[in-house]
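Chain by chain, the residues:
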Amino acid sequence: MKKEYAEVFQSEDAVDKYDEVVYASGSPASAINDRYVAFLRSFVASRYSQPPVQHDFACGTGRAMTALDGHVAAAHGYDTSADMIAKAKNKGVKGTFHLVAPDGPVPDPADHDGPSLVTIFRLLLNTAPDVHDRALEFAARALPTSDSGYLVVENHGSRRSLRHLLKPLHRNDEWFNELSHREVAGLFDRHGFQLEETHGFAVLPSVLHRGPLRRPSQWIDDWSSRQKWLDRWSINVLYVGRRAN
């Protein structure tokens, strides 16, 4: 039976592998994260008249919080894994961390004055629909009106990308999941969010980022992330929205 995603990171070894192997220097995930950092900082500077408070749901080891360090008024990270939070603290990630239950009542965001930014990264793809709804309900509580701020959600396995062509090779891989644009857009709509824009950050599957293909593949992904017309075919996509009311 497939282990629930929330259970995977309940050990130091799993957390270390995620943080030091998946995101090793020079890895595809690390390169994509660098693009995310540039986007998030530019986004906050252009969309907010004052620094918002960041609420990073499923914060993990604090990568999205680190991306906006110095660009937000304060940062709060929420996660179901004590080991993930401990790793973030040991790395010196700035912010306040909240250990939340994987189910039951949706946690309330920390109280504060001023606008908010809710970030949800690397959560939707490998979790069940009830987890998706839980995350978006949290976002709705943090962003009760259209003037409250923005929601930024990552889909790191878009179904309409080149990655989809590899699916026949992963029939027995329980972690090769996909999310369609329709599914993410429907999730936004179901929780009262107006989807305003999408941004793509990589078009080539990670298998091409190896050996002699590594450098040209990274160049192509860097280039594609600046081409708005390629968003619909990107593997890693950020969805930006606000409350519809």
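These remarks concern the structure in this document. Keep in mind it's a predicted model, so treat the numbers as computed, not measured.

The sheet built from seven strands is open, its strands ordered S3-S2-S1-S4-S5-S7-S6 with mixed pairing. On the outer flanks of this sheet lie strand S3 (96–99) and strand S6 (193–200), each paired with one strand and no other. Neighbour-to-neighbour, the strand axes of this sheet turn through a mean angle of 20 degrees, independent of strand direction. Relative to strand S7 (residues 237–243), S6 is paired through seven bridges, and the arrangement is antiparallel. The residue bridging Gln194 from the neighbouring strand is Arg242, located in S7. Across the face of the sheet, helix H6 (residues 129–142) comes into contact with strand S1 (53–57), strand S2 (74–79), strand S4 (116–120), strand S5 (149–155), S6 and S7 while running at roughly 170 degrees to S4. Against the sheet, helix H7 (residues 181–190) engages S5, S6 and S7, with an angle of about 145 degrees to S6.

Attention now moves to the pattern of salt bridges. Oppositely charged side chains may form a pair once their charged atoms are brought near each other. Applying the stated criterion to the full structure yields eleven salt bridges. Note that Arg190 and Asp133 form a salt bridge whose closest N and O atoms lie 2.9 Å from each other. Placement of Arg190 in helix H7 and of Asp133 in helix H6 is noted, with a sequence separation of 57 residues between them. Taking relative accessible area as the criterion, Asp133 reaches 24% and is therefore assigned partly exposed. Among the charged side chains, a network of salt bridges with common partners joins Arg47, Glu196, Glu197 and Arg242.

Negative phi values dominate among residues other than glycine, just as trans dominates among peptide bonds. Here the phi dihedral of Ala58 falls at roughly 60 degrees; this positive angle occurs in a residue that is not glycine. Of note, Ala58 is situated in the loop between S1 and helix H4 (63–67). In this structure, Arg122 takes a positive phi of about 50 degrees despite not being glycine. Mapping Arg122 onto the fold places it in the loop between S4 and H6. By relative accessible area, which is 21% here, Arg122 ends up partly exposed.

Scanning the entire structure with this criterion turns up eleven aromatic pairs. Centre to centre, the rings of Phe43 and Tyr150 are 5.2 Å apart; their planes meet at 80 degrees, and the pair counts as edge-to-face. Here Phe43, found in helix H3 (residues 28–47), pairs with Tyr150, found in strand S5; they are 107 residues apart in sequence, far enough to count as distant. Pair check on accessibility: Phe43 and Tyr150 agree, each one buried.

Looking now at the nonpolar core. Counting residues in hydrophobic clusters, the biggest one holds 27 residues, and the most contacted among them are Phe43, Leu117 and Val152. Those elements giving two or more residues to this core turn out to be H3, H4, helix H5 (82–90), S5 and S7. Ignoring sequence-local partners within four residues, the contact set of Val152 consists of Leu40, Phe43, Leu117, Val118, Thr119, Ile120, Phe121, Leu238, Tyr239 and Val240. In terms of nonpolar packing, the next biggest core, distinct from the first, is built from 26 residues, Val118, Ala142, Leu143 and Val184 among them.

Procedures and definitions
- Residues numbered from 1 in each chain as written.
- Predicted model: local features only at pLDDT ≥ 70, side-chain atom pairs only at ≥ 80, totals over all residues.
- Heavy atoms only, no water.
- Pairing = 2+ DSSP bridges.
- Helix = DSSP H or I, 4+ residues; strand = E, 2+ residues; numbered from the N terminus.
- Axes fitted to C-alpha atoms, helices over the stretch in contact; angles between N-to-C directions.
- Contact = heavy atoms within 4.5 Å.
- Salt bridge = Lys/Arg side-chain N within 4 Å of Asp/Glu carboxyl O.
- Buried < 20%, exposed > 50% of the residue type's maximum accessible area, 1.4 Å probe, protein only.
- Phe/Tyr/Trp six-rings, centres within 6.5 Å; stacked < 30°, edge-to-face > 60°.
- Core = buried A, V, L, I, M, F, W, Y, C linked by side-chain atoms within 4.5 Å.

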